[in-house]
Amino acid sequence: MRQSLSEFVVSAEALSKSFGRTHALAGLDLAVRPGEVHGFLGPNGAGKSTTIRALLGQLRLDAGRITVFGLDARRDAVDIHARLAYVPGDTALWPGLSGGECIDLLGGLHGGLDRARREELIDRFELDPTRRFRTYSKGNRQKVALVAALAVDAELLVLDEPTSGLDPLMEEVFQQVVAERAAEGTSVLLSSHILSEVEALCRRVTVIRSGRAVFSGELTELRAGAPIGVEALTQCSPSGLEGLDGVSSLTLTGIQSGVRTRLLSSRTALPAVIAALSEAGPRDLAVRPPSLQQLFLHRYEDGASAPSGDPSRVKGGE
């Protein structure tokens, strides 16, 4: 049953936008549910930042409609911005102000911020708020924007490559804080190139290609149709794998201790793959579910479409 658009914090339908001969968006659909962290994936040029600019009311679409909290993203931008916080991939604020002053000024645009949460976040992100913004490294500039966004009571966080420039320790802190905010009911749209970050935080994702969604749904659904990685070390070369339906990327390498086999297998072919490897005298065997990076590449390359019937389960494809 199709869900009402009012049930979505963000609802975008058939978004189209061209810049000259470049089609940045070509019929994009996107839906973010209340209280979820929704991953927004795609390489540079796929249309992610253009979508976010449309969501923020910063550009006029050629076609389609996008609503946030049920309000028109462009016409009602002022009301929408009072209820969301945005972190871009590269933060440029007031160079002569200190980091703490920038945080307070941004918080003031939302009617104030939670002082206790502000101090906690400054401590967790290891930020020196007394330094002038112009003296910060890229990572510290991102920390200022993150503290400012996470210290206010925003209903929606729009995060566009938010951890750009952060070290791995701070990326982990970011994941912890966002997970905490989501548990409190905050909705999050997370656009990121760090697939492990998306995998840790998101239950649902949208993958876009050339301005269109090629998948939108749960990670479990994305994994269901993706190949499984198999690696084995056997005494002799396994037979029967070359012509087996559902096996791809097969490589056999002779080494001193035997034959190393690497392949990708569909779920239906996996029993036959394991049987063939068992007959070859396995010394070591690893069966790994696909990583989000493998899932992303698999979905991006084949451009498969998601089932229809729900605006959050996009019928995409090229």
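All values reported here derive from a predicted model rather than from experimental measurement.

K.L.:
Help me understand the packing of helix H3 (residues 99–108) against helix H4 (residues 115–124) in this model?
P.N.:
Packed helices, taken two at a time, are described by the angle their axes make and the gap between the axes. Direction vectors running N to C along H3 and H4 enclose 140 degrees, while the axes themselves pass 12 Å from each other. Classified by the angle between their axes, H3 and H4 sit oblique to one another. Crossing of H3 over H4 shows right-handed handedness. Taking contact as the criterion, the partners of Gly100, Ile103 and Asp104 in H3 are, on H4, Arg115, Arg118 and Ile122.

K.L.:
Please clarify how the packing of aromatic side chains should be interpreted in this entry.
P.N.:
The way to describe two aromatic rings as a pair is by their centre distance and the angle between their planes. For the coordinates displayed, the defined rule picks out one aromatic pair. Ring centres of phenylalanine 133 and tyrosine 136 lie 5.9 Å apart, and the angle between their planes is 90 degrees; on these two criteria the pair is classed as edge-to-face. Summarising the burial analysis for this pair, phenylalanine 133 and tyrosine 136 share the class buried. In this structure, arginine 83 packs its charged tip against the face of phenylalanine 69, placed 4.0 Å from the ring centre.

K.L.:
Is there a simple way to think about the sheet that holds strand S12 (residues 247–255) in this case?
P.N.:
The strands making up a sheet associate through backbone hydrogen bonding, with each pair oriented either parallel or antiparallel. What the four strands build is an open sheet, ordered S12-S13-S11-S14; its pairing is antiparallel. The sheet is open, and its two edges are formed by S12 and strand S14 (282–288), each paired on a single side. Each adjacent strand pair in this sheet contributes to an overall mean axis angle of 10 degrees, direction not counted. Direction of pairing for strand S11 (residues 228–234) relative to strand S13 (residues 258–265): antiparallel, over a ladder of seven bridges. Bridge assignment links alanine 232 to a residue of S13, and that residue is threonine 261.

K.L.:
Hey, could you run me through unusual backbone geometry in this one?
P.N.:
If you check the backbone angles, serine 210 has positive phi at about 50 degrees while not being a glycine. Considering the arrangement of structural elements, one finds serine 210 in the loop between strand S9 (204–209) and strand S10 (212–218). Under the relative-accessibility criterion, serine 210 is labelled partly exposed at 39%. Unlike most non-glycine residues, serine 249 shows phi in positive territory, near 55 degrees. If you trace the backbone, serine 249 turns up in strand S12.

K.L.:
Any chance you could explain the pattern of salt bridges here in plain terms?
P.N.:
Oppositely charged side chains can form a pair if their charged atoms are brought close together. Here the structure, examined in full by the defined rule, presents 20 salt bridges. Glutamate 231 is paired through a salt bridge with arginine 260; the nearest N and O atoms lie 3.2 Å apart. One end of the pair, glutamate 231, is in strand S11; the other, arginine 260, is in strand S13, with 29 residues separating them in the sequence. Put simply, Asp104, Arg115, Arg118 and Glu119 are held in one network by salt bridges that share partners.

K.L.:
Please clarify how the pairing of S12 should be interpreted in this entry.
P.N.:
Side-chain direction in a regular strand flips from residue to residue, so the side chains alternate between the two faces of the sheet. With seven bridges joining them, S12 and S13 adopt antiparallel strand pairing. Considered in S13, the bridge of threonine 253 is made with arginine 260. Here S12 hands over to S13 after two residues, the two strands then running antiparallel side by side.

K.L.:
I'm lost on the sheet that holds S9 in this one. Help?
P.N.:
An order of S6-S7-S8-S3-S9-S10 is seen for the six strands of this open sheet, with the pairing classed as mixed. Both edges of this open sheet fall to strand S6 (84–87) and S10, since each of them pairs with a single strand only. For this sheet, the mean inter-axis angle between neighbouring strands, taken without regard to orientation, is 15 degrees. Bridge count between strand S3 (residues 37–41) and S9: four bridges; the pairing is parallel. Residue pairing across strands places histidine 38 opposite arginine 204, the latter belonging to S9. Where helix H1 (residues 48–55) meets the sheet, it contacts S3, S6, strand S7 (156–160), strand S8 (187–191) and S9, and its direction lies at approximately 150 degrees from that of S7.

Rules behind the numbers
Residues numbered from 1 in each chain as written. Predicted model: local features only at pLDDT ≥ 70, side-chain atom pairs only at ≥ 80, totals over all residues. Heavy atoms only, no water. Axes fitted to C-alpha atoms, helices over the stretch in contact; angles between N-to-C directions. Helix = DSSP H or I, 4+ residues; strand = E, 2+ residues; numbered from the N terminus. Parallel < 35°, antiparallel > 145°, perpendicular 65-115°, else oblique. Left-handed = near helix turned anticlockwise from the far one by under 90°. Contact = heavy atoms within 4.5 Å. Phe/Tyr/Trp six-rings, centres within 6.5 Å; stacked < 30°, edge-to-face > 60°. Buried < 20%, exposed > 50% of the residue type's maximum accessible area, 1.4 Å probe, protein only. Lys NZ or Arg CZ within 6 Å of the ring centre and 35° of its normal. Pairing = 2+ DSSP bridges. Salt bridge = Lys/Arg side-chain N within 4 Å of Asp/Glu carboxyl O.

These figures come from the coordinates and say nothing about function on their own.
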